[in-house]
Amino acid sequence: MNKKILSLLIIFGLLFCTLVLYIITFVFMDHSENNSGSGVTPIVNETPQPTPNVDAPIVPSEFDSRCENQSLSIEVINVKYQNTLDYPQVSNMPLSCKSAEEKINGALEKHIAASYQNYLHLEEEEKAARKFYEEQFGIPVPEEEDYIYSYEYTTQHEVKYQENNVLSLLIFDHIYAGGAHGATIVSSYNFDVSTGRQILLEDVAKTSVNLDKIRQYVIAELTERPEVFQDSLVDVKIDNSRSFYFTETGIVIKFLEAEIAPYAAGMPEVEVPNKVFQ
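Residues numbered from 1 in each chain as written. Predicted model: local features only at pLDDT ≥ 70, side-chain atom pairs only at ≥ 80, totals over all residues. Heavy atoms only, no water.

Some details on the pairing of strand β5 (residues 183-192)
Thought 1: Counted residue by residue, β5 has ten buried out of ten residues, so it is predominantly covered.
Thought 2: The two faces of β5 match: A183, I185, S187, Y189 and F191 on one face and T184, V186, S188, N190 and D192 on the other face are all buried.
Thought 3: Sheet topology note: the strand β4 (residues 166-176)/β5 ladder contains ten bridges and is antiparallel. Counterpart to I171 in the pairing with β5 is S187.
Thought 4: Alignment of β5 against strand β6 (residues 197-198), held across two bridges, turns out to be antiparallel. (Buried < 20%, exposed > 50% of the residue type's maximum accessible area, 1.4 Å probe, protein only. Helix = DSSP H or I, 4+ residues; strand = E, 2+ residues; numbered from the N terminus. Pairing = 2+ DSSP bridges.)

Thoughts on the side chain of S115
Thought 1: Position of S115 relative to the elements: it lies in helix α2 (residues 98-137).
Thought 2: S115 sits in the buried class, given a relative accessible area of 1%.
Thought 3: Those residues in contact with S115, other than ones at most four positions away along the chain, are L85, Y153, T155 and D173. (Contact = heavy atoms within 4.5 Å.)

Considering the pairing of strand β8 (residues 250-254)
Thought 1: Counting buried residues in β8 gives five out of five residues, a clear majority hidden from the surface.
Thought 2: Bridging between strand β7 (residues 244-246) and β8 involves three bridges; their strand directions are antiparallel. Opposite Y245, over in β8, you have V252 as the bridge partner.
Thought 3: Hairpin connection between β7 and β8: a loop of three residues separates the two successive antiparallel strands.

Remarks on the pattern of salt bridges
Thought 1: Going through the model one piece at a time under the given rule, you end up with eight salt bridges.
Thought 2: Salt bridges linked by common partners bring E126, R130 and D146 together as one network. (Salt bridge = Lys/Arg side-chain N within 4 Å of Asp/Glu carboxyl O.)

Topic: the nonpolar core
Thought 1: Membership of the largest hydrophobic core comes to 25 residues, with the highest contact counts inside it found for I214, V218, L222, F246, I251, I253 and V272.
Thought 2: Those elements that place two or more of their residues in this core are α3 (201-205), α4 (208-223), β7, β8, β9 (269-273) and α5 (274-277).
Thought 3: Ranked by the residues each element gives to this core, the list is headed by α4, at five residues.
Thought 4: Aside from chain neighbours lying at most four places away, what touches V218 is I253, F255, V270 and V272.
Thought 5: Membership of the second largest hydrophobic core comes to 23 residues, among which are L85, A129, I148 and F172. (Core = buried A, V, L, I, M, F, W, Y, C linked by side-chain atoms within 4.5 Å.)

Structure representation (structure tokens):
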């Protein structure tokens, strides 16, 4: 590899790292505000509802009886934002639950609006990188190097759980800004579909003691995995900023790429049974 290409790779590698850190901060700070701000009220822990299935998620809720058991009937559809980015919306909820539907869709729209701003920012970064190349070498980026300067921002989602008045979604923001591979950021959205309110990890744990039990269980599980950076486990945070989703028997805690393991390990997950924190 000649010195020209090597120097450019170093420069744009540093730019890519800076961009990813910027986007992670943008997404997670916005997601945190989404959870704690006035637009979404945390679920009140005053009147937990009994559930006939001991293995189902136990989540405090203020049920509207007209909206109970709607999690099976709602439909999650894929929508294009500004004809560019994919994101989920819920539909097919009865008229009595339209308020809940609007709250859920509003939270998801806020996420994709932030993603779209990141997409526009990345487009500007690509233009700047191509301009820099041309200024440095007097020619446009040649075809054999074009892939390095073809930046990309895409989004997708997965429905992970849709039972017992709970809807769990993951939204993935994928960024490519040159280099060997891109970076993917995951954000979780868990809703009480009877009210439209977001369910936070602290709502699930209910107490700081139970939250610590979840953390200790997660660390113990990860300690057994050889691919995990063991030193990184000391700094693992389990709080409302941590992505998670529901399962039939508990919750799954999700980590980012390269957060606690090599990039090749993907996004590690740890399933935590209800009995750990009930």
